[in-house]
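Tertiary structure, described
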Amino acid sequence: MDKTFFIDLTRCTACRGCQVACKQWHDLPAEKTHNFGSHQNPADLSFITYKLVRFSEVEVGGKLKWLFFPEQCRHCIIAPCKEVADGYNEQAILRDETTGAVLFTGLTETLSDDEKQEVREACPYDIPRIDKETGLLSKCDMCIDRVHNGMKPACVSICPTGAMNFGDRDEMLALAEKQLAKVKKSYPKAHLVDTDDVNVIYLAEEDPKLYHEFMAADASPSTPTMGRRRMMAKFLNPLR
Ligand code: SF4
Ligand code: SF4
Ligand code: SF4
């Protein structure tokens, strides 16, 4: 059975422990950043930043509100990035059968620049990043080494508020539904984002567009929906 993250955004305080733990476990260097008028740091995901706590300052019901979104790869159940990559090299992106983790391998460097760009554009959540120096694609790997050894992902282990949860998919779905029913009393617009398509399920208290353009697969009118991304992947790779 797939493993699934349940991330309850109503509990996230934007402490960024998960962001730091991800860097620490993967031995990734810090980013050189600058102040761009937000507490968010850095400004975007990158080849060396797999997890980013996004900050969004919005007006809801005439009141100012901070929304926090710890972003990462969603480990899609049918991953459009893999559907596209398989048309060029079936070993470049793998799906781990025991966990459902979608894994970018060293063979992503065998894809041409255009093919890498197609993989990037296939992702409805704008996750993959390309290292210009090595030509590799990167993103969250579900901490597959930890999970295969009975540990939780580093970001889940560190979270002090219970916002991040990880386990068997059926258990996480049950937890998500239970928590949704609980928070609906305080947040009537609360809902689970793209539950059927992904193994990283967010409980959002507001409209996904208020958190980030790519929080939901079809959050942006200019962003193709998950269904359309899959159609595009099939078009590029008709044998699948
Ligand atoms: Fe691939 Fe994007 Fe889905 Fe991650 S979120 S599995 S990168 S399509
Ligand atoms: Fe980073 Fe691991 Fe969490 Fe993915 S699962 S965001 S790789 S710490
Ligand atoms: Fe939010 Fe938990 Fe990450 Fe802190 S560690 S930013 S509370 S998800």
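Okay, so let's go over this structure.

Quick notes on the rules
- Residues numbered from 1 in each chain as written.
- Chains lettered and ligands numbered in written order.
- Predicted model: local features only at pLDDT ≥ 70, side-chain atom pairs only at ≥ 80, totals over all residues.
- Heavy atoms only, no water.
- Core = buried A, V, L, I, M, F, W, Y, C linked by side-chain atoms within 4.5 Å.
- Buried < 20%, exposed > 50% of the residue type's maximum accessible area, 1.4 Å probe, protein only.
- Helix = DSSP H or I, 4+ residues; strand = E, 2+ residues; numbered from the N terminus.
- Salt bridge = Lys/Arg side-chain N within 4 Å of Asp/Glu carboxyl O.
- Near = heavy atom within 4 Å.
- Nonpolar A, V, L, I, M, F, W, Y, C, P; charged D, E, K, R; others polar.
- Phe/Tyr/Trp six-rings, centres within 6.5 Å; stacked < 30°, edge-to-face > 60°.
- Contact = heavy atoms within 4.5 Å.
- Pairing = 2+ DSSP bridges.
- Axes fitted to C-alpha atoms, helices over the stretch in contact; angles between N-to-C directions.

**Details of the nonpolar core**
Residues C81, I93, V119, Y125, L192 and L203 are the most contacted members of the largest nonpolar core, which totals 34 residues. If one sorts the elements of this core by residue count, helix α6 (residues 169-183) sits on top with four residues. Formed by 30 residues, the second largest nonpolar core is a distinct cluster that contains F55, F69, V147 and A163.

**A word on the pattern of salt bridges**
For the coordinates displayed, the defined rule picks out 13 salt bridges. Between D86 and K82 there is a salt bridge whose closest N-O contact spans 3.0 Å. Pair noted here: D86 and K82 are both in helix α2 (residues 80-86), with a separation of four residues, about one helical turn. The same class applies to D86 and to K82, which are both buried. In this structure, the salt-bridge partner of R120 is D126, at a minimum N-O distance of 3.3 Å. Salt bridges linked by common partners bring D44, R54, E71, R120, D126 and R129 together as one network.

**As for the site of ligand 3**
For ligand 3, the set of nearby residues contains 14 residues, the closest of which are C12, C15, R16, C18 and C159. Residues belonging to the shell around ligand 3 are distributed by class as follows: ten nonpolar, three polar and one charged.

**Describing the packing of aromatic side chains**
The tally for this structure, following the rule as stated, stands at five aromatic pairs. Ring geometry for F5 versus F166: centroids 4.8 Å apart, planes at 65°, classification edge-to-face. Of this pair, F5 sits in strand β1 (residues 3-8) while F166 sits in strand β8 (residues 164-168), placing them 161 residues apart in sequence. Accessibility expressed as a relative area gives 1% for F5, which makes it buried. Pairing F55 with W66 gives two aromatic rings, centres 5.9 Å apart and planes at 85°, and the pair type is edge-to-face. One end of the pair, F55, is in strand β2 (residues 52-60); the other, W66, is in strand β3 (residues 63-71), with eleven residues separating them in the sequence.

**Some thoughts on the side chain of R54**
Here R54 is to be found in strand β2. By relative accessible area, which is 7% here, R54 ends up buried. Residues contacting R54, with those up to four places away along its chain left out, are Q40, A43, D44, L45, L67, F68, F69, E71 and H212.

**Topic: the sheet that holds strand β10 (residues 200-204)**
If you trace the four strands from one edge of the open sheet to the other, you get β8-β1-β10-β9, paired in mixed fashion. Single-partner strands in this sheet number two, and they are β8 and β9 (191-193). Averaged over all pairs of adjacent strands, the angle between their axes in this sheet comes to 25°, without regard to strand direction. As paired elements, β1 and β8 share five bridges and run antiparallel to each other. Along β8, the bridge assignment pairs I7 with M164. Across the face of the sheet, α6 comes into contact with β1, β8, β9 and β10 while running at roughly 140° to β8.

**A look at the pairing of β10**
Burial of β10 is extensive: five of the five residues sit out of reach of the surface. On β10, burial covers both faces: V200, Y202 and A204 on one face and I201 and L203 on the other are all buried. Where β1 lies against β10, four bridges are found, and the strand directions are parallel. Within the sheet, the bridge partner assigned to F6 lies in β10 and is I201. Alignment of β9 against β10, held across three bridges, turns out to be antiparallel.

**Focus on the site of ligand 2**
Around ligand 2 lies a shell formed by F5, C22, H26, K51, C140, D141, M142, C143, P153, A154 and C155. Looking at the shell around ligand 2 residue by residue, the class counts come to eight nonpolar, one polar and two charged.

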